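Chain by chain, the residues run as shown.
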Amino acid sequence: IEFGGFYNKPRFFQNILDEVNIYSKINPNTNSQFQIGYLLKRNPNNNKTNLYYVSANRKFFNKINVKAEYALSNNENSNGKAMQVEAFAYFSRMNASVSYVYASPTFKGYFSNSEFLTASLNYQISTKLNLAVNYQKDARNFERDTLYGVAPYRENFQMGFRYNYIKNGSISMFSGIQEFEDRMDIKQFFYNEKFYRIEFFQQINRFT
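Residues numbered from 1 in each chain as written. Predicted model: local features only at pLDDT ≥ 70, side-chain atom pairs only at ≥ 80, totals over all residues. Heavy atoms only, no water.

Chemist: I'd like a description of the side chain of Asn 130, backed by residues and values.
Modeler: Topologically, Asn 130 is positioned in strand β9 (residues 129-139). Overall, Asn 130 belongs to the buried group, its relative accessible area being 2%. Engagement of the side chain of Asn 130 in a polar contact is seen with the side chain of Asn 122, the distance being 3.1 Å. Once you skip the residues sitting within four places of it in the chain, Asn 130 turns out to touch Asn 122, Tyr 123, Gln 124, Ile 125, Gly 160, Phe 161 and Arg 162. (Helix = DSSP H or I, 4+ residues; strand = E, 2+ residues; numbered from the N terminus. Buried < 20%, exposed > 50% of the residue type's maximum accessible area, 1.4 Å probe, protein only. Polar contact = N/O pair within 3.5 Å; in protein donor to acceptor, adjacent residues only side chain to side chain. Contact = heavy atoms within 4.5 Å.)

So this is what it looks like as structure tokens:
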């Protein structure tokens, strides 16, 4: 059993004056961990936001690791919720991962009005041939300015093969689709594209 906390006075968040956090962790065994915590956040006007969260981390068969977190926020104006789930699997010929983050529009954590999903699969078909599949949906903090690179909605899917013709040389062929949309009131861009990509890698002594 573990208890802890911190005090934080951030430098780069102008809307946050300071934060106080307390938490408790329980480790039933080497493969499991549970945590519950509370965070108090104040803005420069001394308005307070309360965040309550619970999280868990569990490893299965030494091959699969799952992490999950659920949080609630409230202040004098609104209530919000958020969640995060991550899973990783490692096998002799296959690796896979998935990560999902959701925050409601009224959640008062570092993310709000956000949805983020990424998934990947890597399969070793043979000693020289490898299959890779990736998907990403990124829609974080829509209210932020596009100039900071976090407001656009982005969705991307690609798959392809990598062939290692020698130990230090490979050629990869990928294809996929991706969509970018400006979520600001006055859109500056919105496009959908299909792409094909060939990558060549070769290492000769000290040169790559």
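More follows now that the structure is in view.
Chemist: How would you explain the side chain of Ser 55 if you had to name every residue and give the values?
Modeler: The residue Ser 55 is located in strand β4 (residues 48-60) in this model. Ser 55 sits in the buried class, given a relative accessible area of 17%. If near-sequence neighbours (up to four positions away) are discounted, Ser 55 is found in contact with Gln 33, Phe 34, Gln 35, Ala 68 and Glu 69.

Chemist: Describe the pattern of salt bridges, listing the residues and the values that go with them.
Modeler: Tallying each qualifying case throughout the model produces 4 salt bridges. Note that Glu 115 is salt-bridged to Lys 137, the shortest N-O span being 3.6 Å. Note that Glu 115 is positioned in strand β8 (residues 114-124) and Lys 137 in strand β9, a separation of 22 residues in sequence. Residue class for Lys 137 comes out partly exposed when judged on its relative accessible area of 22%. A salt bridge links Arg 197 to Glu 199, with the shortest nitrogen-to-oxygen separation between them at 2.8 Å. (Salt bridge = Lys/Arg side-chain N within 4 Å of Asp/Glu carboxyl O.)

Chemist: So, the nonpolar core: which residues are in play, and what are the values?
Modeler: Counting residues in each nonpolar core, the largest one holds 8 residues, listed as Tyr 23, Leu 39, Leu 51, Tyr 53, Ala 71, Ala 82, Ala 103 and Phe 107. Apart from residues no more than four positions distant in its own chain, Tyr 23 is found in contact with Glu 2, Phe 3, Gly 4, Gly 5, Gln 35, Ile 36, Gly 37 and Tyr 53. (Core = buried A, V, L, I, M, F, W, Y, C linked by side-chain atoms within 4.5 Å.)

Chemist: Can you explain the pairing of β8? Please cite residues and give values.
Modeler: Note on strand geometry: in a regular strand, side chains alternate between the two faces of the sheet. Both strand β7 (residues 94-103) and β8 contribute to a ladder of 10 bridges, which runs antiparallel. Its bridge partner being in β8, Val 101 is matched across the sheet by Phe 116. Relative to β9, β8 runs antiparallel, the two being bridged by 10 bridges. Bridge pairing in β9 places Phe 116 opposite Asp 138. Count of turn residues in the β8/β9 antiparallel hairpin: 4 residues. (Pairing = 2+ DSSP bridges.)

Chemist: Any chance you could break down the sheet that holds β7 for me, citing the residues and the numbers?
Modeler: Taken in spatial order, the 12 strands line up as β1-β2-β3-β4-β5-β6-β7-β8-β9-β10-β11-β12 in an open sheet, and their pairing is antiparallel. Two strands bound the open sheet, and with one partner strand each, they are β1 (2-8) and β12 (190-202). Strand-to-strand twist in this sheet, taken as the mean axis angle between neighbours without regard to direction, amounts to 10°. Note that strand β6 (residues 79-90) and β7 share 9 bridges and pair antiparallel. By the bridge assignment for β7, Gln 84 is matched with Val 101. (Axes fitted to C-alpha atoms, helices over the stretch in contact; angles between N-to-C directions.)

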